[in-house]
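# Summary of the model geometry
Residues per chain are reported as follows:
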Amino acid sequence: MAKAKSAVSKEAKAAAKQARKQASKERRQQLWQAFQMQRKDDKRLIPYMVGAFLLVVALGVLVGFLIGAPWLFIPLSIVLGVLAAFILFGRRVQSSVYKKAEGQPGAAGWALGNMRGQWRVKQAVVGTSHLDAVHRVIGKPGVIFVAEGNSGRIKQLLAQEKKKAARIVGDTPIYEIIVGNDEGQVPLSKLERHINKLPRNIDGKRIDALEGRLQALGGKSGAAGMPKGPLPTGAKMRGMQRTARRRS
């Protein structure tokens, strides 16, 4: 019996190890694909990555010379240089993704869904057949409504959602954000940073309570027709608009 359990345990460990190897291989492949795609669109990527690496290594060697131990800092400088190059790569990829998504219906909802941290995001709680939408975020700042689309239409949607939410959230702060590049709006690329800078007003227990209360405010004004991410322009966009109109 003990031998059988030992054999099963070994098989499980081997399977888990193989799964980790496979996951690691897939991550490397995805990273390489992302690098190749970014390299084609961003001609400055490789020079900037090489420059960041060399700058960090040079600074490390300089510090080593100043304290009389240059060889001690070379390995650490190389590691930090590679890390700096990867950080630069990640930021340029992120910037490129946001630039391509900006202005497309569903882009704000996609950005909210990819935010890091403990945020309760409900995409397209209300929308229109023109693919305007208001998304709801619950977090430590309180309740945040994020709107995207035509400024004239979404202001009315925002006012309606804020009025409905105010009836049940008590003194919890309610914030309104319009995504765009006009005055008073927040650019898509700065949306996550803007939300993270909001003051922390409530705790986790209150967040759970608010989420339960606000579930009933899912919205019925075309939200089902909203995309779950940025849409391409052209024929596919027109097809999505027709679908949204039929559902509204």
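Residues numbered from 1 in each chain as written. Predicted model: local features only at pLDDT ≥ 70, side-chain atom pairs only at ≥ 80, totals over all residues. Heavy atoms only, no water.

In the annotation of an unreviewed UniProt entry, the protein is listed under the name DUF4191 family protein and assigned to Gordonia pseudamarae.

### Points about the UniProt feature "transmembrane region" (unreviewed entry) in the protein
As a reminder of what qualifies: UniProt positions are given in the numbering used here, feature names are shortened, and annotations may be inferred rather than shown by experiment. Strands here are runs of E lasting at least two residues and helices are runs of H or I lasting at least four, both read from the DSSP assignment and numbered beginning at the N terminus.
In this numbering, the UniProt entry assigns the feature "transmembrane region" (unreviewed entry) to residues 45–67 and 73–90. Secondary structure across residues 45–67 divides into 96% helix and 0% strand, with the first and last C-alpha atoms of the span separated by 33 Å. End-to-end, the C-alpha atoms of residues 73–90 are 25 Å apart, and along that stretch the chain is 100% helix and 0% strand.

### Quick word on the layout of surface pockets
Our working rule: As defined here, a cavity is a set of points on a 1 Å grid over the protein atoms alone where a 1.4 Å probe fits but cannot get out. A pocket is an open set with protein on both sides within 12 Å along at least five of seven lines, and residues line them when an atom is within 4 Å of a point. Grid points are joined across faces, edges and corners, and a volume is the space filled by probe spheres set on the points. Charged means Asp, Glu, Lys or Arg here, nonpolar means Ala, Val, Leu, Ile, Met, Phe, Trp, Tyr, Cys or Pro, and polar covers whatever is left, Gly included.
Empty space within the largest pocket amounts to approximately 320 Å³. What lines the largest pocket is Gln94, Ser95, Tyr98, Arg116, Leu188, Ser189, Lys190, Leu191, Glu192, Arg193 and Asn196. The set of elements that each furnish at least two residues to the lining of the largest pocket consists of helix H3 (70–101) and helix H6 (191–196). The dominant element in the lining of the largest pocket, judged by the number of residues it contributes, is H6, at four residues. A breakdown of the residues in the lining of the largest pocket according to their chemical character gives three nonpolar, four polar and four charged. Volume-wise, the second largest pocket comes out at about 240 Å³.

### Considerations on the sheet that holds strand E3 (residues 142–148)
Put simply, the rule is: Here, strands pair whenever DSSP counts at least two bridges between them. Axis geometry follows a simple rule: fit a line to the C-alpha atoms, using only the stretch in contact for helices, then measure angles between N-to-C directions, giving values from 0 to 180 degrees.
Strand order across the open sheet formed by four strands is E1-E2-E3-E4, with mixed pairing between neighbours. For this open sheet the edge positions go to strand E1 (120–127) and strand E4 (174–178), each flanked by a neighbour on one side alone. Here the average twist between neighbouring strands, direction ignored, is 20°. Note that strand E2 (residues 133–139) and E3 share seven bridges and pair antiparallel.

### Observations concerning unusual backbone geometry
Counted only if it meets this: When a residue's accessible area, from a 1.4 Å probe over protein chains only, is under 20% of the maximum for its type it is buried; when over 50% it is exposed; and in between it is partly exposed.
With a phi close to 50°, Ala124 is a non-glycine residue in the positive phi region. Residue position: Ala124 is located in strand E1. Its identity as a non-glycine residue notwithstanding, Leu131 has a phi of 70°, on the positive side. Tracing the sequence through the fold places Leu131 in the loop between E1 and E2. On the basis of relative accessibility, which here comes to 3%, the residue Leu131 falls in the buried class.

### Considerations on the pairing of E3
In terms of burial, E3 is largely enclosed, as seven of its seven residues are buried. The antiparallel pairing of E2 with E3 creates a hairpin that spans two residues between the two strands. By the bridge criterion, five bridges tie E3 to E4 in an arrangement that is parallel. Within E4, the position partnered with Ala147 by the bridge is Ile178.

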